[in-house]
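As a plain string of letters, each chain reads:
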Amino acid sequence: MSKIIDGKKVSAFVKENIKNEVKNLKERGIGVGLAVILVGEDPASKIYVANKKKACADLGIVSMEYLLPENTTTDELLSLIDTLNNEKTVNGILCQLPLPKGIDEKTVLNAISPEKDVDAFHPVNVGKIMIGDYDFVPCTPAGIMEMLKYYDIQIESKTCVVIGRSNIVGKPMSMLLMHANGTVTTCHSRTKNLSDITSRADILVSSVGKANFVTADMVKEGAVVIDVGMNRDDGKLCGDVVFEEVSKKASYITPVPGGVGPMTIAMLMKNTLTAAKRQNNLI
Ligand code: GUN
């Protein structure tokens, strides 16, 4: 039976450290601020944004919320981003995805100043991750690295397999594991013989977005299994991994909920703190 990687516990640990740092900065007259933009009415996005706001309040970070209507134009959004890029009290800017259909997502993400890009979606920050010289890491892969560190799970020389090649999770995850000296394979929808590859993994990260996708026969005995999935199965929140059977084989496993999810917001807070420190020449 595997050990559960407790995302709530690790995120509480990370957040406590951030809270102390924010307090110390405040005592020196330096505030930390995050602007969150939500366009439209996507119900899941509304919950994510509310959670981000609450995390800011808990840690002493000032959050500024910009709720824009569904019919907002790309130009209107660019104008808001330009204002926020030039606003000193705003250290981080996050534009919640997905954006409504009429908005040019690439243009919007490219407009956020790389120094305030706490999602690390700007090409400058993506490129920095590629070369291993980065301040901001996308929140989900960053949270996974933090969990592996907390549980003292070695990455160096391990066979790491990432299922999924998204810009938000799969690609940066693969890069971070490679920077930590893992031997990394990235699998995706066109990968052949997927289970042959996954069953060799010492560390298996699944970011597919399909319930019951990773079954026990795809997992090596003693593997570390990280489940990024956020799916609904008969209305119930679940990951990509069939937890009941895979947890019997894995050495460590993240549950859903309570695994990767709580880490992502903690890492957003960490990126916001990093942005504030950099903008005040403290690092
Ligand atoms: N939508 C789903 N995940 C994310 C994320 O990490 N950042 C933003 N901005 N939007 C998202």
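Computed from a predicted model, the values in this text were never measured in an experiment.

Student: Let's hear about the packing of helix 2 (residues 43-59) against helix 10 (residues 260-279): which residues, and what values?
Tutor: Any two packed helices are characterised by the angle at which their axes cross and by the distance between the axes. Packing of helix 2 against helix 10 brings their axes to within 10 Å, and their N-to-C directions diverge by 55°. Accordingly, the angle class assigned to the pair helix 2 and helix 10 is oblique. Considering only the axes of helix 2 and helix 10, their crossing is right-handed. The residues of helix 10 that touch helix 2, namely those facing Asn51, Lys52, Ala55, Cys56 and Leu59, are Ile265, Leu268 and Met269. Considering only residue class, the contact of helix 2 with helix 10 consists of six nonpolar, one polar and one charged.

Student: Please give an account of the nonpolar core that cites residues and values.
Tutor: With 54 residues, the main nonpolar core has Leu34, Ile61, Ile144, Leu148, Leu177, Val205 and Met269 as its most contacted residues. Of the residues forming this core, the biggest block, 10 residues, is contributed by helix 10. Beyond its immediate chain neighbours, meaning those up to four positions away, Leu148 contacts Ile153, Ile155, Leu177, Val224 and Ile226. The next biggest cluster of nonpolar side chains, apart from the first, holds 18 residues, and it includes Ala35, Ile93, Leu99 and Phe121.

Student: Hey, could you go over unusual backbone geometry for me, with residue numbers and the actual values?
Tutor: Of the consecutive residues Leu97 and Pro98, the connecting peptide bond is found in the cis state with omega at 0°. For the peptide bond that leads from Val256 to Pro257, omega is 0°, which places it in the cis range. Structurally, the position occupied by Pro257 is in the loop between strand 11 (252-253) and helix 10. Despite not being glycine, Ser157 shows a phi value in the positive range, around 70°. Looking at the secondary structure, you find Ser157 in the loop between helix 6 (139-150) and strand 5 (159-163). A relative accessible area of 60% places Ser157 in the exposed class.

Student: Lay out the pairing of strand 6 (residues 183-187) with the relevant residues and their values.
Tutor: Where strand 5 lies against strand 6, five bridges are found, and the strand directions are parallel. The residue of strand 6 that forms the bridge with Ile163 is Cys187. Crossover handedness for the path strand 5 to helix 7 (residues 170-179) to strand 6: right-handed.

Student: Can you lay out the pairing of strand 2 (residues 33-39) for me, pointing to particular residues and giving the numbers?
Tutor: Along strand 2, seven of the seven residues are buried, which leaves the element largely enclosed by surrounding structure. Side chains Gly33, Ala35, Ile37 and Val39 of strand 2 all project onto a buried face; the interleaved residues Leu34, Val36 and Leu38 project onto the opposite face, where all are buried too. In terms of strand pairing, strand 2 meets strand 3 (residues 62-68) through seven bridges, oriented parallel. Residue pairing across strands places Ala35 opposite Met64, the latter belonging to strand 3. Running through helix 2, the crossover from strand 2 to the neighbouring parallel element strand 3 is right-handed. Bridge analysis of strand 2 against strand 4 (residues 92-95) gives four bridges, and the strand direction is parallel. The partner of Leu34 across the bridge, within strand 4, is Gly92.

Student: So what's going on with the sheet that holds strand 5? Which residues, and what values?
Tutor: Strand order in the open sheet formed by six strands is 1-11-8-7-5-6, and the pairing between neighbours is parallel. Strand pairing shows two members of the sheet lacking a second neighbour, strand 1 (3-4) and strand 6, which therefore form its edges. Relative to strand 8 (residues 224-227), strand 7 (residues 203-206) runs parallel, the two being bridged by four bridges. From the neighbouring strand, Ile203 faces strand 8, where its bridge partner is Val224. Docked against the sheet, helix 7 engages strand 5, strand 6 and strand 7, running at close to 170° with respect to strand 5.

Student: I'd like a rundown of the packing of aromatic side chains, residues and numbers included.
Tutor: On inspection of all chains with the given rule, the structure shows three aromatic pairs. Here the aromatic rings of Phe13 and Tyr150 are separated by 5.4 Å at their centres, their planes lie at 65°, and the arrangement is edge-to-face. Here Phe13, found in helix 1 (residues 7-27), pairs with Tyr150, found in helix 6; they are 137 residues apart in sequence, far enough to count as distant. A residue is classified by how much of its surface remains accessible, and Phe13, at 41% relative accessible area, is partly exposed. Seen in terms of ring centroids, Tyr151 and Tyr252 are 6.0 Å apart; in terms of plane orientation they differ by 65°. Their pairing is edge-to-face. Of the two residues, Tyr151 sits in the loop between helix 6 and strand 5 while Tyr252 sits in strand 11, which places them 101 residues apart along the sequence. On the basis of relative accessible area, Tyr151 is assigned to the buried category, the value being 16%. On the basis of relative accessible area, Tyr252 is assigned to the buried category, the value being 16%.

Conventions we followed
- Residues numbered from 1 in each chain as written.
- Predicted model: local features only at pLDDT ≥ 70, side-chain atom pairs only at ≥ 80, totals over all residues.
- Heavy atoms only, no water.
- Axes fitted to C-alpha atoms, helices over the stretch in contact; angles between N-to-C directions.
- Helix = DSSP H or I, 4+ residues; strand = E, 2+ residues; numbered from the N terminus.
- Parallel < 35°, antiparallel > 145°, perpendicular 65-115°, else oblique.
- Left-handed = near helix turned anticlockwise from the far one by under 90°.
- Contact = heavy atoms within 4.5 Å.
- Nonpolar A, V, L, I, M, F, W, Y, C, P; charged D, E, K, R; others polar.
- Core = buried A, V, L, I, M, F, W, Y, C linked by side-chain atoms within 4.5 Å.
- Buried < 20%, exposed > 50% of the residue type's maximum accessible area, 1.4 Å probe, protein only.
- Pairing = 2+ DSSP bridges.
- Right-handed = clockwise from strand over helix to strand, strands pointing away.
- Phe/Tyr/Trp six-rings, centres within 6.5 Å; stacked < 30°, edge-to-face > 60°.

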